[in-house]
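Working through the structure, step by step
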Amino acid sequence: MPGAPIFFYDIKLQVRHGFYTAYGLVCGIYILLLYVMPASMRETVNVLLTFSDPSALGFFFIGGLVLLERGQGIYDSLFVTPYRLEQYLISKTLSLTLLSVLSAVLIHVSVFGFTAGAGVLAAGTAFTSVFFTLLGLGVAVKSRSVNGFFFLSSFYSLPFMLPLLSYGGFIGAERWLLGWLPTWGSLVLLKSAFEPTAAGMLIQACLVLAFWSVLAFWWARRQFARYVLAAVGEGIQ
Amino acid sequence: MIEVNGLAYQYPGSSSQVLKGIDFHIAKGEIFGFLGPSGAGKSTTQNILIGALKGYTGSVRVLGLEIRGAGSRYYERIGVAFEFPNFYSRLTAIENLQLFRSLYSGTTEEPMKLLEAVGLSGHAKEKVAGFSKGMRMRLNLCRALLNRPEVLFLDEPTSGLDPVNAKMLKDIIRERSREGTTIVLTTHNMSAAEQLCNRVAFLVDGTIPLIDSPRALMVGLGSRKVVVEYRNQNGSMESAGFELDGIGSDPAFQKLLSSGTVETIHTREATLEQIFIEVTGRGLS
């Protein structure tokens, strides 16, 4: 398929922009942090760390990439080729998801070893990363600056943090109340790396995340076409 | 190759049309230039032709396709070099070309051969971030040629180039034209248009008041005079004008020629810029 190799160029670009170096350092810090804390807290903290950072890193990294690519004026040349917007979205999302999964698995394996839970943790991270990367992309194309992106990002991401209140015990963990949010699904999958979870819960978590990811893809595509493709040819010096 | 009839365009939210029903056709292998001042509608015309703006009225057919309905397959057949040569600055020149090459499914050029053609093969493994504007412009042409396009759209292709590299790019453009590539040039560089284009269209306020070959315009609208510069008896320069018609039997002209004092002889064709101002009442800058 034409355009498929661009996935590898996306990874190369992320390496050149220092994403992998930065995340190597971040992972090192998290691993140290988990080692020095009491063993009884490690599993809970690992779930929260994986949820809030490797899983959601795509949200901020895609914001940086979109602002960078737009600043470099790349889109004019990119979208007068057969490369389709859908391919662009998929390549960017999957390449950042790979970084998310590698980071999450590295932290998990370094602290807990090669457990059976590592697989489900990787799946939970991948699902969550896909959703957050697409959400971040939709926000980024609307933003004109890094500050603008951070300002808008709080509006768009905060509602999805509600399940964390349940996880922290601040509100009840009613499935009917929060179970329709993608991040509820994320927490269920990430927690299931450490505790037995009912199959129904896992299926619901996957379905909810899949539904929101499709929705986010549709929304990101619409936003990109509106804010980026409509400006192709205007030129950036 | 390109057939445009009654093309009009109005940007969303704007109260007036930027293109007001223009007509033109461009033949296969032709180098066709759009000349006009900023805001005349040149970029809008190019953006419609490359399929970036679809909400136009009238008919725009390129390679037999109505552009309004052209999909991604259309981009397999055209090449576009925008005025501002933007690249992935953290990738090298060759990596940038390989990346863009990977987007095409048809036959493509070998990136290194293209770099050699524009004198950049020695910089192939350097990051584009360190390239000058001139180097980026040459790389920009390479990118537009990657897919062996049938139609090539070039926006100010010699902008920022020194005379040697400008000539190199013009030679490549002429060579592609000879091979059958149709080339659409958008510029306000009269000299480049005179040297390259088979025909030019003057675009002013969304209309095309004139389309013709640069030579026909320059000869047809210039004065039929010859100006001779010579040294007088004191050794200082003087000039004399002669009507071109009957110049062979003009005794004064023949006397001057045989005097051995002639330094230059020039016909007085109009320049494209003079013609543009005369036809449109507007300057190009």
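Residues numbered from 1 in each chain as written. Chains lettered and ligands numbered in written order. Predicted model: local features only at pLDDT ≥ 70, side-chain atom pairs only at ≥ 80, totals over all residues. Heavy atoms only, no water.

The name an unreviewed UniProt entry gives chain B is ABC transporter ATP-binding protein, with Paenibacillus sambharensis as the organism.

In the nomenclature of an unreviewed UniProt entry, chain A corresponds to ABC transporter permease from the organism Paenibacillus sambharensis.

**Topic: the overall build of chain B**
For the record, the criterion: Each helix is a run of H or I in the DSSP string that is no shorter than four residues. Each strand is a run of E no shorter than two, and both are numbered from the N terminus. For the exposure calls, accessible area comes from a 1.4 Å probe over protein chains only, and a residue counts as buried if that area is under 20% of its type's maximum, exposed if over 50%, partly exposed in between. Working rule for contacts: check all heavy atoms of both residues, and any pair within 4.5 Å makes them a contact. Per-residue and other accessible areas were derived by the Shrake-Rupley procedure at a 1.4 Å probe size, with only the shown protein chains allowed to occlude residues. The positive count covers Lys and Arg only, the negative count covers Asp and Glu only, and His and the chain ends enter neither. Note on charges: their place is set at NZ of Lys, CZ of Arg, CG of Asp or CD of Glu.
What chain B contains, in helices and strands, is nine helices and 13 strands. By its C-alpha atoms, chain B is 70 × 50 × 30 Å across when sized along the principal axes. Expressed as a percentage of its 285 residues, the buried residues of chain B come to 51%. Within chain B, counting contacts between residues at least 6 apart in sequence, those at least 24 apart form 65% of the total. Accessible surface, chain B: about 12,600 Å² in total, of which carbon and sulfur atoms supply 48%. Averaged over its 31 positive side-chain charges, chain B has a centre that lies 6 Å from the centre of its 30 negative ones.

**What about the UniProt feature "domain: ABC transporter" (unreviewed entry) in chain B?**
Selection rule: UniProt positions are given in the numbering used here, feature names are shortened, and annotations may be inferred rather than shown by experiment.
Per the UniProt record, "domain: ABC transporter" (unreviewed entry) is annotated on residues 2-230 of chain B. For residues 2-230 of chain B, helix accounts for 29% and strand for 27%, while the C-alpha atoms at its two ends are 49 Å apart.

**Observations concerning the interface of chain B and chain A**
Definition in use: Buried area: the accessible area, evaluated with a 1.4 Å probe, that two parts lose upon being put together, summed over both parts. The rule for a salt bridge is simple: a side-chain nitrogen of Lys or Arg has to be within 4 Å of a carboxyl oxygen of Asp or Glu. We call two N or O atoms a polar contact when they sit within 3.5 Å, provided that within protein one can donate a hydrogen and the other can accept it, with sequence-adjacent residues counted only if both atoms are side-chain atoms. Following the grouping adopted for this structure description, the nonpolar residues are Ala, Val, Leu, Ile, Met, Phe, Trp, Tyr, Cys and Pro, the charged ones are Asp, Glu, Lys and Arg, and the polar ones are all others, Gly among them.
Contacts between the two partners involve 26 residues from chain B, matched on the other side by 27 residues from chain A. Of the roughly 2,600 Å² buried at the junction of chain B and chain A (both faces included), carbon and sulfur atoms supply 63%. Area buried by chain B at its contact with chain A is led by Tyr-88, Arg-90 and Leu-103 of chain B, which between them contribute 25% of it. Linking chain B with chain A are two salt bridges. In this structure, Glu-95 of chain B and Lys-12 of chain A form a salt bridge, with 3.2 Å as the shortest nitrogen-oxygen distance. Connecting chain B to chain A are five residue pairs in polar contact (both at pLDDT 80 or more). If one sorts the elements of the side of chain B that touches chain A by residue count, helix α2 (residues 93-101) of chain B sits on top with four residues. Of the residues contributing to the side of chain B that touches chain A, the split by class is 13 nonpolar, eight polar and five charged.

**So, the sheet that holds strand β11 (residues 225-231) of chain B**
Residues and elements named next belong to chain B. Applied cut-off: When DSSP locates at least two bridges between a pair of strands, those strands are taken to pair. Note on method: axes are straight lines fitted to C-alpha atoms, helices fitted across the in-contact stretch only, with angles between N-to-C directions ranging 0 to 180 degrees.
Strand order in this open sheet of three strands is β12-β11-β13, and the pairing throughout is antiparallel. Only two strands of the sheet have a single partner each, and these edge strands are β12 (237-243) and β13 (262-267). Taken over all neighbouring pairs, the strand axes of this sheet differ in orientation by 20° on average, direction set aside. Bridge analysis of β11 against β13 gives five bridges, and the strand direction is antiparallel. Of the residues in β13, the one forming a bridge with Val-226 is Thr-267.

**Some thoughts on the domain arrangement of chain B**
Where we set the bar: Segment limits for the domains were obtained from an automatic or database-derived domain assignment.
Parsing chain B into structural domains produces domain 1 (2-212) and domain 2 (223-268). Just the C-alpha atoms count here: the centres of domain 1 of chain B and domain 2 of chain B sit 43 Å apart.

**Description of the environment of Val-109 of chain A**
All names here are of chain A. Its place among the elements puts Val-109 in helix α6 (residues 85-112). Overall, Val-109 belongs to the buried group, its relative accessible area being 18%. Put simply, Val-109 and Ala-126 are 17 residues apart on the chain and 16 Å apart in space, counted from C-alpha to C-alpha.

**Some thoughts on the sheet that holds strand β6 (residues 78-81) of chain B**
Hydrogen bonds between backbone atoms are what pair the strands of a sheet, whose relative direction is either parallel or antiparallel. Residues and elements named next belong to chain B. The mixed open sheet is built from six strands, whose spatial order is β6-β7-β8-β3-β9-β10. One side of each edge strand has no neighbouring strand; the edge strands of this open sheet are β6 and β10 (207-212). Geometrically, the sheet is characterised by an average inter-axis angle of 15° between neighbouring strands, direction not taken into account. Where helix α1 (residues 42-49) meets the sheet, its contacts fall on β3 (31-35), β6, β7 (151-155), β8 (182-187) and β9 (199-204), and the angle it forms with β7 comes to roughly 155°. Contacts from helix α9 (residues 272-280) reach β3, β9 and β10, with the element oriented near 40° to β9.

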